[in-house]
Amino acid sequence: MQVRESTIEQELIEKLGELKYTLRPDLRDRAALERNFREKFEALNRVRLGDAEFQRLLEEIVTPDVFKAAQTLRQRNAFTRDDGTPLNYTLVNLNDWCKNDFEVASQFRINTDYSYHRYDVLLLINGVPVVQIELKTLGINPRRAIEQIVEYKNDAGNGYLRTLLCFIQLFVVSNRDATYYFANNNARHFAFNADERYLPVYQYARPDNSKINGIDAFAEAFLAKCALGQMISRYMVLLASEQKLLMMRPYQIYAVKNIVECIDRNLGNGYIWHTTGSGKTLTSFKASTLLKANPAIEKCLFVVDRKDLDRQTRDEFNRFQQGCVEENTNTGALVRRMLSDDAADKVIVCTIQKLGLALDENSTRNKGREKRGLASHAEQLAALRDMRIVFIFDECHRSQFGDNHRAIKEFFPRAQLFGFTGTPIFEANASYKRIEGGEQTLKTTQDLFQQSLHEYTITHAIEDGNVLRFHVDYFKPDGKHPPKPGEPLAKRAVVEAILARHDAATGGRRFNALLATASINDAIEYFALFKTAQAEKQQADPAFVPLHIAAVFSPPADVGADVRQLQEDLPQEQADNRQDPEAKKTALKAIIADYNARFGTSHRIEEFDAYYQDVQQRIKDQQFPNEDLRKADPQGEFAHKLDIVIVVDMLLTGFDSKYLNTLYVDKNLRHHGLIQAFSRTNRVLNDTKPTGNILDFRGQQKEVDAAIALFSGARADKAREIWLVDAAPVVIEKLKTARDSLDAFMASQGLSGQPDDIANLKGDAARAAFVQHFKQVQKLKTQLDQYTDLTPEQAQQIDQVLPRDEHTALRGAYLETAQRLRAQQNMPAGQKDEALDQLDFEFVLFASATIDYDYIMKLIADYSAKTPGKASMSREQLIGLIAGDAKFMDEREDITEYVRSLKAGAGLDEAAIRAGYEKFKQDKAAKEMAALSEKHGLPVAALQAFVDGILARRIFDGEQLTALLAPLNLSWKARTQKELALMGDLLPLLKKRAGGREIAGLKAYEE
């Protein structure tokens, strides 16, 4: 039996009462909210405001800008009273958030010009509403629940824009048994875009990372007064550079708490094991900033071990808080900042190399200063020797296994050292040996940092959906026999295999890939082989589109200090560059020259860092459509995206891109090196990226299994099934089951499972059920499409379950049904089926990477150029392809109509097709506008200007509508009827021309 929403609400309110919240059943409307806020404000700031003063205060603090409101909530503000005297005030007790008044209101309503909204439960701190809780009775799809709040919040004139609700910091959604929360934000960070990259949604967890799902347990852990105060004041980050509110995840909070407690109680050193991709930089930033307020700590140094990480980490820190760290261009600047008393110099980001040089009395710099009669850097820093200094090391397994660790401990005996790592060093993967007396032992992360303060392993992250599972394909040259473990294959065979599988692995080049090679010589050879192989394929098949391939490896170190520093963490490249450096330099120059010719750049080996940064940016640019990137090169002479980057050591650690999903491996990897390399592929994007894909050419299954066992933490027994996706036969069986389930549902409706029958479904509940069934089929098909190890027999099985033409037609039927239901979702409650509220369409699953606007125009041109029967695709196949792709949902009708108007064999080239289509759309739009003008008795030009104005600003302006209808001289009643009739006809036209983008102010006419 389903529990009523009102019952869940009452139980939650009672729970909050037990947590010592004051229950305020009287707070039901805006006037009561403002009276209560005024009372709390005056008591906190020991002031009495006149009515006019209070209204002016409200006008100053109420803002539609969420970020500005969040700043006002957290700082001391200034207000000028009516008599000219200043009032410095706070909205809450900033010194001790626990001492604020915590209240709960329910069924609160805001009535504005455009909306009449009800809010289930509001939590107030000192009269300021900071948390909104929405309760549901249905099984929650968190993405749909968030989307509903986003829609609510985007209504023109909603309460979040004009009232104290602008201070809402957090939203909580629960159906009693499943509870999620997320941060409020301005529209650009609080929306669902076409690619369905969702704003972060969280479930709270215990210190052992187990989930807290039930609303009662969530309330105790998260909504308890002091806990909520800390969550808002300490564990939300205001990203100044992006004007964005960011929540810390539970494991980040526990790590920060444990570091701060370790320092407060002086409990020695410690390390945080948080897996790659879990946001270690944010965690360390928050720990550092909390230490800024600790008077017992003199300095906090965040230490990284490479020049690019130094820049990257400094940029990340400054992203969280502008100007919080400055660049340390040299060791001298670092020493000056360490000795500075300026508050801005309390947190410093530096490299381990600069710190090591400063502390080493025998370094060239210190010896040089000595000769000039100056105090050495080490002598200058001696003033800090007995002070409490905190060192936080990023990726501590890299930077701390050496002399620098010992030097820091000896120089600063009262220092506390904390390390962050995604892949700790255990005895099994230690390579650095420590000798004490006659005993030799391995040096582990625990040896160096004493104790683990918190763990969040890749196993936890996969279970939480924060990173993806892996699909590992151990390549078998003949389809049956894998290479001997660690044994290299012929490179030409590897190149052929990659070219054959790349489109599948990367979802039709939606994503891109790295090829990890064993040496610089191998990387050079691979680059040449790809060039040769692709030229041959293009000659044999003019339709073959070559992959864009680049290579990065560090040049011999005589090109500059930057590269030398870069090489310090690239052991293979460092060793390789000692052998025949001139040949490697010549090869790299040729690779960069090829890159320049391909991409229209002008990089030089002497400025290798700029080339390296450009390669990284192009990997990330995979997210942008070609037409957007082409704007920088209107002639279309140059490529924009990279398909594969050949690497040796570079990019296999520390580099993140959501659009990189595949790693080709032709080098021996082990332990943490293997996990780091694999983890380049598993950043979460959306349902088009179900896994991180690994194609291993060295038969390293034993090494993969060993690494999984080593780094899986407490769940080692379940690690393989958590980390790795199901094998193809298992997923094919799931696809069969999902298809059978779809057919069984259709049969229950008295219909076949054929695409033509979808249109005959009766009622929104049935259509919603079809959407859910087919979406599951599509998810499994998307997953299988990216498997690189499908046998011909397995491919045939998949085709039997879901024949290609039938699949295309089902996609078209899905999109047509989904469009209809999406329009229904916006209707008021009571006028739609409840099942629609929870429906999440996930349109991105139905948008092909290869079928874009350019591709369709080429196909139409091909159809036009060739006589019937000779074209690569018939008219109906072409229309089916357009109908089955989500990118064309809003234009599908126009493109289909245009294709039907063309004659096969008319001989139009692509330019003529494009121009013809644009003219077709203009003519159709003009006819629509003329028909509407005649129907409503309005001049065409005036109506066109009204529509153009709405689309340009994406805001419906009621005053402009009044002006448009004024020449008709209608009575008030007649004008209202005319307005409703006109807007009823204009709504579909406006929505279509807006291309799915929101137009503020239209909700009133939709309802």
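Whatever comes next refers back to the structure up there.
In this report, the structure presented in the accompanying data block is examined. This is a predicted model, so every value here is computed, not measured.

Rules used in this analysis
- Residues numbered from 1 in each chain as written.
- Predicted model: local features only at pLDDT ≥ 70, side-chain atom pairs only at ≥ 80, totals over all residues.
- Heavy atoms only, no water.
- Helix = DSSP H or I, 4+ residues; strand = E, 2+ residues; numbered from the N terminus.
- Buried < 20%, exposed > 50% of the residue type's maximum accessible area, 1.4 Å probe, protein only.
- Contact = heavy atoms within 4.5 Å.
- Areas by Shrake-Rupley, 256 points an atom, 1.4 Å probe, with all protein chains shown as cover.
- Axes fitted to C-alpha atoms, helices over the stretch in contact; angles between N-to-C directions.
- Parallel < 35°, antiparallel > 145°, perpendicular 65-115°, else oblique.
- Nonpolar A, V, L, I, M, F, W, Y, C, P; charged D, E, K, R; others polar.
- Pairing = 2+ DSSP bridges.
- Bend = angle between axes of the 7 residues up to and from the residue.
- Phe/Tyr/Trp six-rings, centres within 6.5 Å; stacked < 30°, edge-to-face > 60°.
- Lys NZ or Arg CZ within 6 Å of the ring centre and 35° of its normal.
- Left-handed = near helix turned anticlockwise from the far one by under 90°.
- Salt bridge = Lys/Arg side-chain N within 4 Å of Asp/Glu carboxyl O.
- Core = buried A, V, L, I, M, F, W, Y, C linked by side-chain atoms within 4.5 Å.
- Disulfide = S-S within 2.5 Å.

In terms of helices and strands, the protein carries 41 helices and 24 strands. Burial analysis of the protein (1007 residues in total) assigns 54% to the buried set. The long-range fraction of contacts in the protein, counting pairs at least 24 apart against all pairs at least 6 apart in sequence, stands at 72%. With an accessible surface of roughly 43200 Å², the protein has 48% of that area assigned to carbon and sulfur atoms.

In this section: the packing of helix H12 (residues 331–339) against helix H13 (residues 352–359). Here H12 crosses H13 at 80 degrees, and the two axes come no closer than 9 Å. With respect to H13, the axis of H12 lies roughly perpendicular. Contact residues: H12 offers Thr331, Leu334, Val335 and Met338, while H13 offers Lys354, Leu355, Leu357 and Ala358. For the contact of H12 with H13, the per-class residue count stands at six nonpolar, one polar and one charged.

With that out of the way, let us pick up the sheet that holds strand E23 (residues 660–666). Reading across the sheet, the six strands line up as E19-E24-E23-E20-E22-E21 and stay open at both edges, with parallel pairing between neighbours. The sheet is open, and its two edges are formed by strand E19 (470–474) and strand E21 (549–552), each paired on a single side. Ignoring which end each strand starts from, the neighbouring axes of this sheet average 20 degrees apart. Two strands pair when backbone bridges link them, and E23 and strand E24 (residues 692–696) are joined in this way by four bridges, in the parallel orientation. Opposite valine 665, over in E24, you have aspartate 696 as the bridge partner.

Within E19, five of the five residues are buried, leaving the element largely enclosed by the surrounding structure. The two faces of E19 match: Phe470, Val472 and Tyr474 on one face and His471 and Asp473 on the other face are all buried. As paired elements, E19 and E24 share five bridges and run parallel to each other. The residue of E24 that forms the bridge with valine 472 is isoleucine 694.

In an α-helix there are 3.6 residues to a turn, and that puts residues three or four apart on one side. For helix H20 (residues 491–505), the principal kink sits at leucine 499 and spans about 35 degrees. Among all positions in H20, only Lys491, Val494, Val495, Ala497, Ile498, Leu499, His502 and Ala505 are buried. Tucked inside the fold, the buried residues of H20 contact strand E20 (512–517), helix H21 (520–540), strand E22 (644–647), E23 and E24.

With that out of the way, let us pick up the packing of aromatic side chains. Applying the stated criterion across every chain yields a total of 35 aromatic pairs. Residues phenylalanine 218 and phenylalanine 222 carry aromatic rings whose centres are separated by 4.7 Å and whose planes lie at 15 degrees to one another, so their mutual orientation is stacked. Taken together, the positions of phenylalanine 218 and phenylalanine 222, both in helix H7 (residues 215–223) and four residues apart, correspond to about one turn of that helix. Pairwise contacts between aromatic rings join Phe108, Tyr119, Tyr160, Phe171, Phe182 and Phe190 into one cluster. Looking at arginine 385, its charged tip hangs above the ring of phenylalanine 411, at a distance of 4.3 Å from the centre. Taking NZ or CZ as reference, lysine 537 lies 5.4 Å from the ring centre of phenylalanine 544, over its face.

The next thing to look at is the packing of helix H38 (residues 940–953) against helix H40 (residues 972–993). When two helices pack together, their arrangement is captured by the angle between the axes and the distance separating the axes. Taken N-terminus to C-terminus, the directions of H38 and H40 make an angle of 50 degrees; their axes are 11 Å apart at the nearest point. Comparing their axes, H40 and H38 come out oblique. Judged by the twist between their axes, the crossing of H38 over H40 is right-handed. Between H38, through Leu943, Gln944, Phe946, Val947, Ile950 and Leu951, and H40, the contact on the second element is made entirely by Leu982, Met983, Leu986, Leu989, Leu990 and Arg993. The residue inventory of the contact of H38 with H40, partitioned by class, reads ten nonpolar, one polar and one charged.

Under the criterion given, the structure shown has 41 salt bridges. Between lysine 99 and aspartate 96 there is a salt bridge; the shortest N-O distance is 3.8 Å. Under the relative-accessibility criterion, lysine 99 is labelled exposed at 63%. Aspartate 96 gets classed as partly exposed once you look at its relative accessible area, which sits at 27%.

Turning next to the sheet that holds strand E13 (residues 347–351). Here we have six strands laid out as an open sheet, ordered E13-E12-E14-E15-E11-E18, and parallel in their pairing. The sheet is open, and its two borders are formed by E13 and strand E18 (452–456), each paired with just one other strand. On average, each strand axis in the sheet is inclined to that of its neighbour by 15 degrees, with strand direction left out of account. Two elements, strand E14 (residues 389–393) and strand E15 (residues 416–421), share four bridges in a ladder whose sense is parallel. Across the sheet, the residue bridging to isoleucine 392 is phenylalanine 418, located in E15.

Attention now moves to the pairing of E21. Side-chain positions along a regular strand alternate between the two faces of the sheet. Here E21 shows a buried face lined by Ile549 and Ala551 and a second buried face lined by Ala550 and Val552. Direction of pairing for E21 relative to E22: parallel, over a ladder of four bridges. Across the sheet, the residue bridging to alanine 551 is isoleucine 646, located in E22.

Moving on to the nonpolar core. Generally speaking, a soluble globular protein has its nonpolar side chains buried in company with each other. The biggest cluster of nonpolar side chains holds 106 residues, and the ones touching the most others in it are Phe37, Leu123, Leu223 and Leu228. Among all residues touching leucine 228, those that are not within four sequence positions of it are Tyr21, Leu123, Ile125, Val131, Leu170, Phe222 and Leu223.

Bringing unusual backbone geometry into the picture now. For glutamine 107, which is not a glycine, the phi torsion comes out positive at approximately 50 degrees. Within the fold, glutamine 107 resides in strand E4 (residues 102–111). On the basis of relative accessible area, glutamine 107 is assigned to the partly exposed category, the value being 23%. You will see that asparagine 969, though not glycine, has its phi angle at about 50 degrees, which is positive. Along the chain, asparagine 969 turns up in the loop between helix H39 (958–965) and H40.

Looking now at the state of the cysteines. Evaluation of the coordinates by the stated rule reveals one disulfide. Bridging cysteine 98 to cysteine 226, the disulfide has an S-S length of 2.1 Å. Taken together, the residues cysteine 98 in the loop between strand E3 (86–89) and E4 and cysteine 226 in helix H8 (residues 225–233) connect sequence positions 128 residues apart. On the basis of relative accessibility, which here comes to 31%, the residue cysteine 98 falls in the partly exposed class.

Keep in mind these numbers describe shape, not what the thing actually does.
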